[in-house]
Amino acid sequence: MTDRPHLLYVAWGFPPCRGGGVYRALATANRFAALGWKVTVLTADRDTFFRFTGADLTLEERVDPSVEVVRVPFEWPILEADLRRWSKRRAANPKLWAKWRTKQDQIPFPESGYGPWRSVIEKAAERIHKAHKVDLTVATANPHVAFTAAYHLHKKFQVPYVMDYRDAWLLDVFTGDRLHEPNSRAARWEKKLVESAREVWFVNDPIKDWHEKLYPAQASKMHTVANGFDPDLVPDTQDRGAVTDRPLVFGYVGTVSPKVPLKEFVEGWQLAKEQSSELAGAKAKIYGYLGYYAQPRADMLATINAAADAGVSYEGPVGKAEIAKAYDEFDAQLLMLGKGRYVTSGKVFEYLATGLPVVSVHDPENAASDVLRGHPLWFPVSDVTPEAIAAALIEAAHAARTADEGIRAKAREFGASYRRDLQLDPRIEALAASVQGVAA
């Protein structure tokens with residue numbers, strides 16, 4: 001084989017986007033490139049992220065130089081805050097306009113805000129294919145409109161494709177409820193997409209199992225491709241030893257969504273400090289975004305600031321490439337997640353890489369518990385109450401001060417098995433063997 005196989009990777013969020021799924025997208029594109037593929041990424045223009053979601057410029061530096069990034073326009077008028085860009089109709093009646101716009105968005109594809117992007121990425125995918133034949137498309141959600149570009153190439157040019165879910169489309173991963181009725185447009189779209197896909201990837205077994213039951217005839221093409229940590233982006237995992245001579249620092253890194261039990265954590269932290277001398281002078285530092293957008297949510301910020309006297313602080317966003325500096329401060333890590341049997345979070349794998357104690361401030365039934373079970377320095381809560389959170393914090397504080405080298409070494413070994421390339425490589429190798437004209 002003289003030519004490299006050509007992968008088209010479709011992802012709305014790609015560097016410099018700072019959203020949670022961007023790390024999986026970046027790692028997937030880079031890994032295909034490292035394993036010998038020509039990779040073209042189809043994504044939104046950079047201005048989208050600067051204006052709406054926040055941007056992390058350090059991530060752009062991490063894109064493999066061989067990866068070609070094709071950026072296409074994306075309009076998000078529902079989030080447009082600049083009144084000078086509003087139409088007269090919108091300015092006259094914003095609520096009525098918003099309802100109209102939501103309906104308009106879903107005409108091309110049943111996804112509010114993103115539906116109109118369908119025609120843009122379908123045309124772009126076709127241009128890319130005609131310029132250099134695409135051998136395989138991998139599209140990642142959400143938004144789920146990204147799948148339409150892959151489906152378009154498949155129907156028109158017989159290009160096989162992979163659907164990569166970060167969460168789920170029809171399933172609410174927090175409540176376990178179904179989000180769309182069986183005969184809805186979203187359900188009909190997903191059914192035909194799954195039926196035509198070469199493979200369908202999910203981030204954990206519970207989500208995969210749910211979809212296998214929904215589409216039993218397609219179960220054989222479904223795979224769990226867990227998130228993992230990127231070795232070049234994690235902090236130094238060398239053991240720093242037990243902390244005996246200074247106050248402890250607990251840390252959280254990531255987006256604090258409205259589902260995160262922030263209030264319960266703060267109350268539990270205050271209670272733990274009252275109950276344990278090992279937490280005397282301890283600090284809880286929260287890095288990342290408060291809410292989904294660049295501006296911190298006022299209610300979350302107020303919750304944190306109210307506990308400043310107890311050592312709780314908001315440290316703001318931190319670039320992925322500088323994240324090691326934040327972890328260097330930590331003696332224990334706070335894994336705060338919203339409730340949900342199907343919730344894992346990519347953050348758990350990064351935490352595992354450090355070998356530091358992990359305090360799980362989330363419902364015990366979360367899928368993250370399946371990942372952490374067996375970790376020798378894992379301190380889960382029995383339930384998400386201030387009292388249970390305090391108990392877990394106190395146990396973790398004691399471990400941070402007393403755990404010997406043997407236990408710490410086992411913690412590092414446990415985390416090492418979740419390196420991201422170990423999750424991706426088996427599927428990439430299988431796809432290389434299955435794509436026509438690509439040698440195994």
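On a predicted model such as this, the values are computed, not experimentally measured, just so you know.

Moving on, we get to the overall build of the chain. Helices and strands together make up the secondary structure of the chain, namely 17 helices and 13 strands. Its C-alpha radius of gyration of 23 Å places the chain within 12% of the 22 Å reference for a compact globule of 440 residues. Each principal axis of the C-alpha atoms in the chain carries an extent, and together these give about 65 × 60 × 40 Å. With 440 residues in all, the chain has 55% of them scored as buried. For the chain, contacts bridging at least 24 residues in sequence account for 75% of all contacts bridging at least 6. Split by element, the accessible area of the chain, about 19000 Å² in all, is 51% carbon and sulfur.

Another point: the side chain of His211. Topologically, His211 is positioned in helix H9 (residues 205-214). The class of His211 is buried, set by a relative accessible area of 1%. In contact with His211, not counting residues within four places along its chain, are Ala168, Glu190, Phe202 and Met222.

Here we take up the side chain of Ser360. Positionally, Ser360 belongs in strand S12 (residues 358-361). Here the side chain of Ser360 touches Trp378 through a polar contact of 2.7 Å, side chain to side chain. In contact with Ser360, other than residues within four places in its own chain, are Leu335, Leu372, Trp378, Phe379, Pro380 and Val381.

A few words now on the pairing of S12. Alternating positions in S12 separate into two faces, Val358 and Ser360 on one and Val359 and Val361 on the other, with burial throughout. Where the polypeptide runs from strand S11 (residues 332-336) across helix H13 (residues 347-354) and back to S12, its parallel neighbour, the crossover connection is right-handed. The sheet contact formed by S12 and strand S13 (residues 378-380) spans three bridges and is parallel. Paired with Ser360 across the strands is Pro380, a residue of S13.

Our next topic: unusual backbone geometry. Cis rather than trans, the peptide bond between Pro15 and Pro16 has omega equal to 15°. When you line up the elements, Pro16 lands in the loop between strand S1 (6-11) and helix H1 (22-34). The step from Ala141 to Asn142 runs through a cis peptide bond, and the omega angle for that step is 5°. A positive phi angle, close to 60°, is found at Gln158, a residue other than glycine. Within the secondary structure layout, Gln158 lies in the loop between helix H7 (146-157) and strand S5 (161-165).

Taken as a whole and assessed by the stated rule, the structure comprises 25 salt bridges. Notably, a salt bridge pairs Arg31 with Asp425, separated by 2.7 Å at the nearest N-O pair. Of the two residues, Arg31 is situated in helix H1 and Asp425 in helix H17 (residues 420-434); the sequence distance between them amounts to 394 residues. One salt bridge connects Lys347 with Glu350, and the closest N-O pair in it is separated by 3.1 Å. With Lys347 and Glu350 both in helix H13, this residue pair falls three residues apart, about one helical turn. Take Lys347 and Glu350: they sit in the same class, and that class is buried. If you follow the salt bridges from partner to partner, you end up with Arg46, Glu60 and Arg71 in one network.

This next bit is on the UniProt feature "domain: Glycosyltransferase subfamily 4-like N-terminal" (unreviewed entry) in the chain. UniProt marks residues 19-228 with the feature "domain: Glycosyltransferase subfamily 4-like N-terminal" (unreviewed entry), using the numbering shown here. Structurally, residues 19-228 is divided into 43% helix and 14% strand, and its ends, taken at the C-alpha atoms, are 16 Å apart.

Attention shifts here to a positive patch on the surface. A cluster of like positive charges, contributed by Lys155, Arg185, Arg188 and Lys192, occupies part of the molecular surface. Counting residues per element, the positive patch draws most heavily on helix H8 (residues 185-196), at three residues. For Arg185, the position within the fold is in helix H8. Among the residues examined, Arg185 registers a relative accessible area of 33% and is labelled partly exposed.

Another aspect to go through is empty space enclosed by the protein. Evaluation of the coordinates by the stated rule reveals one cavity of 30 Å³ or more. There is about 30 Å³ of room inside the largest cavity. Partitioning the lining of the largest cavity into residue classes produces three nonpolar, two polar and two charged.

Within the secondary structure, Ala399 sits in helix H15 (residues 386-402). Ignoring any residue separated from it by four or fewer positions in sequence, one finds Ala399 in contact with Leu377, Phe379 and Arg408.

So, how was this worked out
- Residues numbered from 1 in each chain as written.
- Predicted model: local features only at pLDDT ≥ 70, side-chain atom pairs only at ≥ 80, totals over all residues.
- Heavy atoms only, no water.
- Helix = DSSP H or I, 4+ residues; strand = E, 2+ residues; numbered from the N terminus.
- Rg over C-alpha atoms; globule rule 2.2 N^0.38 Å.
- Buried < 20%, exposed > 50% of the residue type's maximum accessible area, 1.4 Å probe, protein only.
- Contact = heavy atoms within 4.5 Å.
- Areas by Shrake-Rupley, 256 points an atom, 1.4 Å probe, with all protein chains shown as cover.
- Polar contact = N/O pair within 3.5 Å; in protein donor to acceptor, adjacent residues only side chain to side chain.
- Right-handed = clockwise from strand over helix to strand, strands pointing away.
- Pairing = 2+ DSSP bridges.
- Salt bridge = Lys/Arg side-chain N within 4 Å of Asp/Glu carboxyl O.
- UniProt positions renumbered as here; feature names shortened; annotations may be inferred.
- Patch = residues over 30% accessible without salt bridge, like charges linked within 9 Å, V, L, I, M, F, W, Y side chains within 5 Å.
- Lys, Arg positive; Asp, Glu negative; His and termini not counted.
- Charge placed at Lys NZ, Arg CZ, Asp CG, Glu CD.
- 1 Å grid on protein atoms, 1.4 Å probe; cavity = no way out; pocket = protein on both sides within 12 Å on 5 of 7 lines; lining within 4 Å.
- Points joined across faces, edges and corners; volume = space filled by probe spheres on them.
- Nonpolar A, V, L, I, M, F, W, Y, C, P; charged D, E, K, R; others polar.

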